[in-house]
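# Structural features, examined
Residues per chain are reported as follows:
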Amino acid sequence: MKADPEHPYGGLPMAITAEQNDFMTRVGPGTPAGTLLRRYWQPVALSEELEEKRPLKAVRLLGQDMVLFRDESGQLGLVDRDCPHRGADLAFGRLEDGGLRCPFHGWLFNIKGECLETPAEPENSRFRHSIQQGAYPVVERSGIIFAYMGEGEPPALPEFDCFVAPDSHTFAFKGRWECNWLQALEVGIDPAHASYLHRFFEDADTSESYGKQFRGASADTETPITKVLREYARPNIDAKLTDYGMRIISTRKLDEKQTHVRVTNMVFPEAIVIPMSAHMTISQWHVPIDDTSCHWYAIFTSFTEPVDKKKMRDQRLQLIELPHYTSRRNKQNDYGFNVDEQLKETYTGMGHDINVHDQWAVESQGPIQNRTREHLAASDKCIFAYRRMLVKAIESTLADPKAPVPMMPDAEQAREMIGPISIDGVGASTLTPEQYWEQADRKRREACDWAAKRLTA
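Residues numbered from 1 in each chain as written. Predicted model: local features only at pLDDT ≥ 70, side-chain atom pairs only at ≥ 80, totals over all residues. Heavy atoms only, no water.

## Looking at the overall build of the chain
The helix and strand tally for the chain stands at 12 helices and 20 strands. Compactness check: the chain gives a C-alpha radius of gyration of 23 Å against a globular reference of 23 Å for 457 residues, within 12% of the reference. Dimensions of the chain along its principal axes, counting C-alpha atoms only, are 85 × 55 × 50 Å. Here the chain holds 457 residues, and the buried ones make up 55% of them. In the chain, 61% of the contacts between residues at least 6 apart in sequence involve partners at least 24 apart. Total accessible area computed for the chain in this model is approximately 21000 Å², and 49% of it derives from carbon and sulfur atoms. Distance from the positive charge centre (54 side chains) to the negative charge centre (67 side chains) of the chain: 1 Å. (Helix = DSSP H or I, 4+ residues; strand = E, 2+ residues; numbered from the N terminus. Rg over C-alpha atoms; globule rule 2.2 N^0.38 Å. Buried < 20%, exposed > 50% of the residue type's maximum accessible area, 1.4 Å probe, protein only. Contact = heavy atoms within 4.5 Å. Areas by Shrake-Rupley, 256 points an atom, 1.4 Å probe, with all protein chains shown as cover. Lys, Arg positive; Asp, Glu negative; His and termini not counted. Charge placed at Lys NZ, Arg CZ, Asp CG, Glu CD.)

## Quick word on empty space enclosed by the protein
Here the structure, examined in full by the defined rule, presents three cavities of 30 Å³ or more. Its boundaries defined by the atoms lining it, the largest cavity holds a volume of some 210 Å³. If you go around the largest cavity, you meet 21 residues; those closest to its centre are Leu 157, Pro 158, Val 267, Trp 285 and Met 407. Those elements that provide at least two residues to the lining of the largest cavity are α3 (161–164), β15 (271–275) and β16 (280–290). Lining the second largest cavity are Arg 176, Trp 177, Trp 296, Arg 316, Leu 319, Ile 320, Ser 327, Asp 353, Asn 355, Val 356 and Gln 359. If you list the elements that add at least two residues to the lining of the second largest cavity, you get β11 (170–177) and α8 (354–363). Examining the composition of the lining of the second largest cavity, we find that three residues originate from one element, α8, more than from any other. (1 Å grid on protein atoms, 1.4 Å probe; cavity = no way out; pocket = protein on both sides within 12 Å on 5 of 7 lines; lining within 4 Å. Points joined across faces, edges and corners; volume = space filled by probe spheres on them.)

## Some points on the environment of Gly 87
Here Gly 87 lies in the loop between β4 (76–80) and β5 (94–96). Classification of Gly 87 as partly exposed rests on a relative accessible area of 43%. Spatially, the C-alpha atom of Gly 87 lies 48 Å from that of Phe 214, the residues being 127 residues apart in sequence.

## What about the sheet that holds strand β7 (residues 108–109)?
Taken together, four strands build an open sheet; the order of strands is β5-β6-β7-β8 and the sheet is antiparallel. The outermost strands of the open sheet, each flanked by one partner alone, are β5 and β8 (115–117). Across two bridges, the pairing between strand β6 (residues 99–101) and β7 is antiparallel. Counterpart to Leu 100 in the pairing with β7 is Phe 109. (Pairing = 2+ DSSP bridges.)

## Points about helix α4 (residues 181–188)
Of all eight residues in α4, seven are buried; the element is thus mostly enclosed. Every buried residue belonging to α4 is among Trp 181, Leu 182, Gln 183, Ala 184, Leu 185, Glu 186 and Val 187, and all of these are buried. For α4, the N-terminal cap is Asn 180; the gap from its side-chain oxygen to the backbone nitrogen of Leu 182 is 3.0 Å. (Polar contact = N/O pair within 3.5 Å; in protein donor to acceptor, adjacent residues only side chain to side chain.)

## Side note on the nonpolar core
Counting residues in hydrophobic clusters, the biggest one holds 85 residues, and the most contacted among them are Leu 68, Trp 181, Phe 268, Trp 285, Tyr 386 and Leu 390. Looking at this core element by element, the count peaks at 10 residues for helix α9 (residues 381–399). Excluding its chain neighbours within four sequence positions, the residues that come into contact with Trp 285 are Pro 43, Ile 144, Phe 146, Cys 162, Phe 163, Glu 270, Ala 271, His 295, Trp 296, Tyr 297 and Ile 299. Counting 14 residues, the second-largest nonpolar core is a separate cluster that includes Leu 56, Val 67, Phe 69 and Cys 115. (Core = buried A, V, L, I, M, F, W, Y, C linked by side-chain atoms within 4.5 Å.)

## A few points about the sheet that holds strand β9 (residues 138–141)
Spatial ordering of the open sheet is given by β1-β10-β9, a layout of three strands whose pairing is antiparallel. A strand with exactly one partner marks an edge of an open sheet, and here the two such strands are β1 (41–46) and β9. Mean inter-strand twist for the sheet, computed between neighbouring axes without regard to direction, equals 35°. Strand direction decides the pairing type here: β1 and strand β10 (residues 144–148), joined by five bridges, are antiparallel. (Axes fitted to C-alpha atoms, helices over the stretch in contact; angles between N-to-C directions.)

## A look at the pattern of salt bridges
Oppositely charged side chains are able to pair whenever their charged atoms sit close together. Per the stated rule, a full pass over the model turns up 32 salt bridges. Between Lys 443 and Asp 220 there is a salt bridge whose closest N-O contact spans 3.7 Å. With Lys 443 in helix α11 (residues 433–446) and Asp 220 in the loop between α4 and α5 (225–231), the pair connects residues that are 223 residues apart, well separated along the chain. A salt bridge links Arg 262 to Asp 424, with the shortest nitrogen-to-oxygen separation between them at 2.6 Å. On the criterion of sequence distance, the pair formed by Arg 262 in strand β14 (residues 258–267) and Asp 424 in strand β20 (residues 423–428) is long-range, its members being 162 residues apart. (Salt bridge = Lys/Arg side-chain N within 4 Å of Asp/Glu carboxyl O.)

## Some points on the pairing of β16
β16 sits mainly inside the fold: 11 of its 11 residues count as buried. Looking at chain direction, β15 and β16 are connected through five bridges and run antiparallel. If you follow Ile 272 over to β16, its bridge partner there is Gln 284. Between β15 and β16, which pair antiparallel one after the other, the connecting turn spans four residues. Across 10 bridges, the pairing between β16 and strand β17 (residues 293–302) is antiparallel. Residue pairing for β17: Gln 284 is matched across the bridge by Ala 298. In sequence, β16 turns back onto β17 through a hairpin of two residues.

These results come straight from atomic positions and should not be treated as a statement about function.
What follows is the structure in structure tokens.
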């Protein structure tokens, strides 16, 4: 990515080549980006998806087809979908006798991919010992099942708020978008778009905002966030590299006495941690299904009262359709676009749920955005910083599969990873943004039983 000295933000590239675009976006086995992403834990399903009578689900992740299941003892397993005998589909397998049995010839596999039985073979045959089905480690955290598809030992999962909060204070959900994972992630690390894509022309009652993003009031003020975004549409954006990725601070000067401060985070390689309200955060992963589709997985974490899981789920099911978690508003119905609404209520005319706005923005870029035609601007500094980090990590991994890259903590380092801090609030202009968000975060944690335990003096 060659710098352009004429660019308004100190040398960002005006565009990238098709080869560079493929380098960052393609995720199948053996691809550069796919090799990097396999070095990290990836969300593969919600825990609720294995709560049926038959706890088994066909999944596709990073262009690979697999089967996720719980065996009779409740242990999780993730194995390749095609039976190593003659390729039959294990998604139709039988859960019995300590594992997953192929209906074709009865071969039985445990959660480690070991073949326990080949019942059609001679009685004393030891043939099964030569069979190993592809299998991948899985762990379950806060309602999401994560898989590790890389070589060697996986990194430790960080002890972020979303993973250490009690179950009563978290809620997990997901959705599917028909586009490449990278453009889905990039909308989440772009602070400027919220003043336009998510603009509401009228401010709703903030007391009715539970479970809805950008509909409440910022912390330490009664001012609706919709008013702040609408009337102060040129945020000052700063990006700081951290041990987990990048902290993004956007500020809007409201007057001589007050400044709106919003702190969001990019957790390398493909997650964001953002404020949903003064009391709740969202930790969200943008996970490649394959090159042209992705899932978003989110954990909502409350710092006050327990999460009303039923209300949160019912709200999301108004727009998300099961069993595939697809959006009811999509390209086929123009995302519910209404011209009268666009004239009078919202900037997009696509309803009041910002997930639909984001979905339209990223899906409208095409299955894989053609970045050779884009022109990054000064407000895109976080996009450029992330791409530079991503490319460097991919190149390092290609040179050495065990090369140091961001967010590879060991167990001790993972225990020290608190947060990441995400705040949306209004502070005195006499404070620096850092002073405000540090104070606001500490105040919130001190009032929260589970979070206060992790505070240091």
